[in-house]
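Survey of secondary and tertiary structure
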Amino acid sequence: MKTITITDVANHAKVSKSTVSQYLNKRYEYMSEKTRKKIEETIEELNYQPNIIARSLKQKSTFTVGVVVANILHTFSTQVIRAIENYFYEHGFHIIVCNADDNPEKEKNYIEMLRAKQVDGIIIFPTGDNLDLYQRMKSDQFPIVFMDRTIQELNIATVMLDNHLASKLAIDRFIEKGFENIAIITTSIIRDISPRIERIQGYKDSLASHGVPVNSEYIKTVNADEIPVALSEFFELEKPPQAILAGNDIVLNEVLCYMKQHEIHIPDDIAVIGIDDVPYASFYTPTITTVNQPAIEMANLAAELLLSQINKTGKEDTSVHRLKPTLLSRNSC
């Protein structure tokens, strides 16, 4: 079966090859509506499939970007991926999503694979343990944007939450409701994962601002499978916490499961707030107060920063962009 070429499309539509090329690149302003319609009908009639490889070689672009997420299980990660995909789809790009599982070696392999596939740029939720690799990408002037986590010394454009404010919003609400024995639990801070460290620091600073002493026994950073043990340790204290701040959605899920299993009632026995809104927060019983990240806004900004690097438009941006969270007040405190 004969392969249909761009020349066949041009001859059949009675236009030039360059006009068909402009159509394929969505540069519709270079043709009339009648010509655009004619090319569209011809492509459908001939069942023409553009040669992506040839197009990439000619334009020196694969029109593909990579997204390497640290942990795809986070609700925030899936929200961001969806918004990034939508943004780049509207700009004629495809995305390849890779899940590093918070594993630096896996992250390294995925980044190297994406570069071997000649993607035009990568958005990375960095594990924080591949500094040489990140630095090499920057030295190569390869388009790269960090999402959710920052590595200050590399001066790479970063989009993340104002994590101090996220903790402050939660602590302020607990204090407002009369709680002072407030605990925080996050997943592990190994490799200095910045959001978790910043949320703990925000917790400490917020307590201090209210004149509440920081109790180290109320601070836990553990792997997800160790959260039930950490919660048991809280409740075995001489003065158990009256309220718990769950540092992310995975922690919140573990906290709620623990409370259900041990018949600990929220908010009567203990108040709970989670950082990261989750789909079930509004219909769980009781509904769960959460601190919401503006995921779509963050994703769009990261995509915009990456596309700017790919297209070499505007000044180089190496800033850390921190977007503000909002408290979604419900019935769990």
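Heads up: these notes are all about the structure in this document. (Residues numbered from 1 in each chain as written. Predicted model: local features only at pLDDT ≥ 70, side-chain atom pairs only at ≥ 80, totals over all residues. Heavy atoms only, no water.)

1. With respect to the environment of Glu 233
Cut-off, in case you're wondering: The helix count covers DSSP runs of H or I at least four residues long, the strand count covers runs of E at least two residues long, and both are numbered beginning at the N terminus. The buried label applies to any residue whose accessible area, calculated with a 1.4 Å probe on protein chains only, is under 20% of its type's maximum; exposed applies above 50%, and partly exposed to all values in between. Contacts described as polar in this section are N or O atom pairs within 3.5 Å, which, within protein, must combine one atom able to donate a hydrogen with one able to accept it, while residues neighboring in sequence count only if both atoms come from side chains.
Mapped onto the elements of the fold, Glu 233 is located in helix 10 (residues 227-235). Note on Glu 233: relative accessible area 35%, which makes it partly exposed. Residues Glu 233 and Tyr 218, spaced 15 residues apart in sequence, show a C-alpha to C-alpha distance of 9.5 Å. A distance of 2.5 Å separates polar atoms of two side chains, one belonging to Glu 233 and the other to Lys 220.

2. What about the packing of helix 8 (residues 163-176) against helix 9 (residues 194-209)?
Heads up, the rule is: For every element, the axis is a line fit to its C-alpha atoms; helices are fit only across the contacting stretch, and the angle between N-to-C directions ranges from 0 to 180 degrees. Note on angle classes: values under 35 degrees are labelled roughly parallel, values over 145 roughly antiparallel, values of 65 to 115 roughly perpendicular, and the remainder oblique. We call a crossing left-handed when the near helix sits turned anticlockwise from the far one by less than a right angle, and right-handed when that turn is clockwise. For this analysis, residues touch if any pair of their heavy atoms sits within 4.5 Å. Polar here means any residue outside two lists: the nonpolar Ala, Val, Leu, Ile, Met, Phe, Trp, Tyr, Cys and Pro, and the charged Asp, Glu, Lys and Arg; Gly therefore counts as polar.
Relative to each other, helix 8 and helix 9 sit at 45°, their axes nearing to 7 Å. Viewed along their axes, helix 8 and helix 9 adopt a mutual orientation that is oblique. Of the two possible hands of crossing, helix 8 and helix 9 adopt the one that is right-handed. In contact with Asn 163, His 164, Ser 167, Lys 168 and Ile 171 of helix 8, helix 9 contributes Pro 195, Glu 198, Arg 199, Gln 201, Gly 202, Tyr 203, Asp 205, Ser 206 and Leu 207. Across the contact of helix 8 with helix 9, the residue classes tally to four nonpolar, six polar and four charged.

3. Section: the pattern of salt bridges
How we decide: The term salt bridge refers to a side-chain nitrogen of Lys or Arg lying within 4 Å of a carboxyl oxygen of Asp or Glu.
Enumeration over the complete set of coordinates arrives at 13 salt bridges. One salt bridge connects Arg 149 with Asp 102, and the closest N-O pair in it is separated by 3.1 Å. Here Asp 102 lies in the loop between strand 2 (94-99) and helix 6 (104-116) and Arg 149 lies in the loop between strand 4 (144-147) and strand 5 (158-161), a separation of 47 residues in the sequence. Like Asp 102, Arg 149 is buried. A salt bridge links Lys 108 to Glu 112, with the shortest nitrogen-to-oxygen separation between them at 3.0 Å. Residue Lys 108 and its partner Glu 112 are located together in helix 6, separated by four residues, close to a single helical turn. The structure contains a network of salt bridges with shared partners spanning Asp 102, Asp 148, Arg 149 and Arg 196.

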